[in-house]
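Now for the letters of each chain:
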Amino acid sequence: MTYEETIEYLFNSTPVFEHVGASAYKEGLSTTLALDEYFGHPHQNFRSIHIGGTNGKGSCSHTLASILQADGYKVGLYTSPHLVDFRERIRVNGETISEQYVIDFTEEHRKFFEPLHPSFFELTTAMAFKYFAEQKVDFAIIEVGLGGRLDCTNIINPLLSIITNISLDHTQFLGDTLPKIAFEKAGIIKQGTPVVIGEANPDTRVVFEAKAQEMDAMIVFAEDMPMVESARALPTVGRRYETRLFGTIEGELGGIYQDKNTNTLLTAVMQLYNNQIIRNIDSVSKGFATVTKSTGLMGRWQQMQTNPKVVCDTGHNKAGWIDLSKQIKSQSYKTLRIVFGMVDDKDIHAIMSMLPDDAVYYWTQPSTKRAFPVEKIASVGAENGLHGRLFTSVKAAYEAALADANPDDFIFIGGSSYVVADFLS
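Residues numbered from 1 in each chain as written. Predicted model: local features only at pLDDT ≥ 70, side-chain atom pairs only at ≥ 80, totals over all residues. Heavy atoms only, no water.

Per an unreviewed UniProt entry, the chain goes by Dihydrofolate synthase/folylpolyglutamate synthase and derives from Prevotella disiens. Among the UniProt annotations of the chain, the heading Cofactor (unreviewed entry) holds the following wording: "Mg(2+)". What UniProt states about the chain under its Sequence similarities (unreviewed entry) heading is, verbatim, "Belongs to the folylpolyglutamate synthase family." (UniProt positions renumbered as here; feature names shortened; annotations may be inferred.)

The following block contains the structure:
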């Protein structure tokens, strides 16, 4: 098979959450454990850090990988979903897994895994762990796929766990209250393994504390002694942080939501520095400054051009849009133009109630079966007093926005990771 044929086979023969949603979700770790046994427990051959949470885990995963790379380590990075190419999910020192490896893995092992009927994510996780072991990485940063307790990444024994925050997302799988979701996320807390909690409230804090006590795990809440003392936007792209222990850090990522991520991450970095894993304090600032180059991260308040200014962002749930809506409104522009679409497991009414009412909208739908039809998007928009034109593809919507724009306009593309994926493609 060619690489394209292999990816098509993987997408079509295994349930893919990104494509079909709930029907791809598998509770339990039995298939994961069978794959792990077959491949000889590859995750035992490298040290790992496990990162879960509702929002921010992608930014934190990539930035931590960048810091460890700056410190001289060979670092594996496993994240999801991808935006343009499947291989974005599995990287070593920023380099994606090769097309040939994906082909060979699939062809050599399909006789074993086909009878198991693994989900796409279960099979991808097994591929990643095997690849990292063969590449002899020093560390692997492993991002949780969904939840934590029953996520197939949860077979690892990390040296540190990080839970960024909790908000209502994927409630059909994880529960319809914050404590229920926190219980699932807390499932990555391991026996005797330190855990850093980025954000918590009284209802979720008690859940984390109870799990940490049960597992005899040291727990640190990043909000209790904030590492970030102040933050502001840089003149071009990115943010400048004045920190309690790391001096001034200039981060490459420009979203205001990165302030919370940075506080979480620096708290985790302090744990790694105290344990002599991060050896050079300068690696921290270097990692923040080079995260997109070092890891290939895309879609986080990513500025694509100026005159007009064009930014895309993968924020896709209510908690994410609280910050995004503030940042969009804070931009200077003659006309605000927004290319917007969503997928059907998100709270469309909550998010669209936060959209700016002074924007020109280009309603669209991403190329996934889970997309809300553009007519639905426009209808809910109208209920919120928002009006625009309808486009059946992200490409068409963006091209129309760009054609309409003056040099001093601001164009934002988002609402879903899938909208950004179509845009970047």
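Student: Quick question: what am I supposed to make of the overall build of the chain here?
Tutor: The helix and strand inventory of the chain stands at 17 helices and 17 strands. Relative to the globule expectation of 22 Å for 425 residues, the C-alpha radius of gyration of the chain, 21 Å, shows essentially globular dimensions. When its C-alpha atoms are laid out on the principal axes, the chain stretches across 55 × 50 × 40 Å. Looking at the chain residue by residue over its 425 residues, the buried ones come to 58%. (Helix = DSSP H or I, 4+ residues; strand = E, 2+ residues; numbered from the N terminus. Rg over C-alpha atoms; globule rule 2.2 N^0.38 Å. Buried < 20%, exposed > 50% of the residue type's maximum accessible area, 1.4 Å probe, protein only.)

Student: What is the right way to look at the sheet that holds strand β10 (residues 239-243) in this model?
Tutor: Hydrogen bonds between backbone atoms are what pair the strands of a sheet, whose relative direction is either parallel or antiparallel. With antiparallel pairing, 3 strands are arranged side by side in an open sheet as β9-β10-β11. Looking at which strands have only one partner, the edges of the open sheet turn out to be β9 (228-233) and β11 (248-251). On average, each strand axis in the sheet is tilted by 20° relative to the strand beside it, whichever way the strands run. Where β10 and β11 come together, 4 bridges link them in antiparallel fashion. (Pairing = 2+ DSSP bridges. Axes fitted to C-alpha atoms, helices over the stretch in contact; angles between N-to-C directions.)

Student: So what exactly am I meant to see when it comes to the UniProt feature "domain: Mur ligase C-terminal" (unreviewed entry) in the chain here?
Tutor: What UniProt calls "domain: Mur ligase C-terminal" (unreviewed entry) maps, in this numbering, to residues 299-416. Helix makes up 33% of residues 299-416 and strand 22%, and the two end C-alpha atoms of the span are 10 Å apart.

Student: Sorry if this is basic, but what is going on with the sheet that holds strand β6 (residues 160-163) here?
Tutor: Reading across from one edge, β4-β3-β2-β5-β1-β6-β7-β8 is the order of the 8 strands in this open sheet, with mixed pairing throughout. For this open sheet the edge positions go to β4 (95-96) and β8 (219-221), each flanked by a neighbour on one side alone. Both strand β1 (residues 47-52) and β6 contribute to a ladder of 4 bridges, which runs parallel. For I49, the partnering residue across the bridge sits in β6 and is L160. Taken strand by strand, helix α9 (residues 202-214) contacts β6, β7 (195-197) and β8, and its axis lies near 160° from that of β8. (Contact = heavy atoms within 4.5 Å.)

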